[in-house]
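Observations on the model geometry
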Amino acid sequence: MGPVTGIQPTGDARPAEEDRSAPDAQPGPKQARSRVTRRHLLEAAVACLAEQGWAGSTVAVVAERAGVSRGAAQYHFPTREDLFTAAVAYVSEERYAALRDLFQAGPAARPAVVEAIVDLYTGALFRAALQLWVAASNEEQLRPQVTELEARVGRETHRITVELLGADESVPGVRETVQGLLDMARGLGLANVLTDDTARRARVVAQWSRILDAALG
């Protein structure tokens, strides 16, 4: 795997709608189109990472998948590293929002919470994040951004899990139990990368729900 390099500007002109000179102005059609372009790029980047890995996911490939020009992609994300770390962060936020919507009433039945947490680690988002982790282990330019992203995502995932479980982390051992759940979910996600682990995963989720009942009361 060769070194990651920043994407150099091409002759493409910046799209007229992407004017950042007045960030406090009321959003209009141009700003709305710019946000849509950005979202399409982020979603396409995650899909490319999950399906083609880091080596096959260039800015040009993502731009084509998103249906925008390479110049537009470079306007929003000057480097490859910026694009893919922003993409994983964006989709992570979307997944957290979906989790909150799923459990709007607060703490829920523990089997449902465990299953929802495990689902975070068994889809395209986890596959994309995994590709970033592997690439960051070899690419010095990418490593600081991925390290910071992983720490931020990890803190938010832990916080949401505590909230959904109604866990009291002032009780000795509870924090470690919650972290153990997240580590277990990540492990199931890794097992699911190469083979369909659905049947075994269901049994593990059921057992972890019993463990949580005993540990959390």
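In case you missed it, the structure is sitting above this.
**Focus: the overall build of the chain**
Counting its regular elements, the chain contains 9 helices and 0 strands. Tracing the chain from N to C terminus, the helices and strands come up as α-α-α-α-α-α-α-α-α. Considering the chain as a whole, with its 217 residues, one finds that 45% of them fall into the buried category. Within the chain, contacts between residues at least 6 apart in sequence are counted, and of these 70% link residues at least 24 apart.

**Brief notes about the environment of Gln 74**
Looking at where Gln 74 falls in the secondary structure, it is placed in helix α3 (residues 70–76). Residue Gln 74 is classed as buried on the basis of its relative accessible area of 10%. Separated by 15 residues in the primary sequence, Gln 74 and Val 59 have C-alpha atoms spaced 8.0 Å apart.

**Details of the packing of aromatic side chains**
Under the counting rule described, the total for this entry stands at 3 aromatic pairs. Taken together, a centroid distance of 5.7 Å and an interplanar angle of 70 degrees make the contact between Tyr 121 and Phe 126 edge-to-face. Note on Tyr 121: relative accessible area 9%, which makes it buried. For the ring pair Phe 126 and Trp 133, a centre distance of 5.7 Å and an interplane angle of 85 degrees mean the geometry is edge-to-face.

**Comments concerning helix α7 (residues 143–165)**
Compared with the 33 Å implied by 1.5 Å per residue over 23 residues, the 32 Å span of α7 between its first and last C-alpha is a close match. Note on α7: the residue one or two positions beyond its end, Gly 166, has a positive phi of about 65 degrees.

**What about the packing of helix α5 (residues 110–120) against helix α9 (residues 198–216)?**
For the pair α5 and α9, the least separation of the axes is 9 Å and the interaxial angle reads 125 degrees. With respect to each other, α5 and α9 are oriented oblique. As for the relative orientation of α5 and α9, their crossing is right-handed in sense. Contact residues: Arg 110, Pro 111, Val 114, Glu 115 and Val 118 in α5; Arg 201, Val 205, Trp 208, Ser 209, Leu 212, Asp 213 and Leu 216 in α9. Here the residues of the contact of α5 with α9 sort into 7 nonpolar, 1 polar and 4 charged.

**Some points on the pattern of salt bridges**
The tally for this structure, following the rule as stated, stands at 9 salt bridges. With its nearest N and O atoms 3.3 Å apart, the salt bridge here joins Glu 163 to Arg 159. On the criterion of helical spacing, the pair formed by Glu 163 and Arg 159 is a turn pair, its members being 4 residues apart in helix α7. Given a relative accessible area of 40%, Arg 159 falls into the partly exposed group. Two residues, Arg 186 and Asp 183, come together in a salt bridge whose shortest N-O distance is 3.2 Å. Note that Arg 186 and Asp 183 are positioned in helix α8 (residues 174–194) at a spacing of 3 residues, about one turn of the helix. The network of salt bridges with common partners includes Glu 150, Asp 183 and Arg 186.

**Notes on the packing of helix α1 (residues 29–52) against helix α4 (residues 80–102)**
For the pair α1 and α4, interaxial distance at closest approach is 8 Å and the crossing angle is 95 degrees. With respect to α4, the element α1 is oriented roughly perpendicular. Contacts between α1 and α4 pair Arg 39, Leu 41, Leu 42, Glu 43, Ala 45, Val 46 and Leu 49 from the former with Leu 83, Phe 84, Ala 86, Ala 87, Val 88, Tyr 90 and Val 91 from the latter.

Each value, and the rule that gives it
Per chain, the residues get numbers from 1 upward, laid out in the order the sequence is written. Since the coordinates come from a predicted model, pLDDT governs what is reported: local features require at least 70, and pairs of side-chain atoms require 80 or more to be given and counted, while whole-chain, interface and lining totals use all residues. Water and hydrogen atoms play no part in the side-chain values, which are based on all heavy atoms of the structure. By definition, any uninterrupted DSSP run of H or I lasting at least four residues is a helix, any uninterrupted run of E lasting at least two residues is a strand, and each is numbered from the N terminus. The cut-offs for exposure are 20% and 50% of the maximum accessible area for each residue type, with area from a 1.4 Å probe on protein chains only; residues under the lower value are buried, those over the upper are exposed, and the others partly exposed. Note on contacts: a residue pair qualifies if any of its non-hydrogen atoms lie within 4.5 Å across the two residues. Working definition: rings of Phe, Tyr and Trp (its six-membered ring) pair if their centres are within 6.5 Å, and the pair is stacked with planes under 30 degrees apart, edge-to-face with planes over 60 apart, and tilted otherwise. In a helix, the anticipated span is given by 1.5 Å times the number of residues less one. Fitted lines through C-alpha atoms give the axes, limited to the stretch in contact for helices. The angle between two N-to-C directions lies from 0 to 180 degrees. Just so you know how the angles are binned, under 35 degrees is roughly parallel, over 145 roughly antiparallel, 65 to 115 roughly perpendicular, and the rest oblique. Here a crossing is taken to be left-handed if its near helix is turned anticlockwise relative to the far helix by less than a right angle, and right-handed if that turn runs clockwise. Each residue receives one of three labels: charged for Asp, Glu, Lys and Arg, nonpolar for Ala, Val, Leu, Ile, Met, Phe, Trp, Tyr, Cys and Pro, and polar for the others, Gly being one of them. The working definition used for a salt bridge is a side-chain nitrogen of Lys or Arg within 4 Å of a carboxyl oxygen of Asp or Glu.

Purely geometric numbers; function is a separate question.
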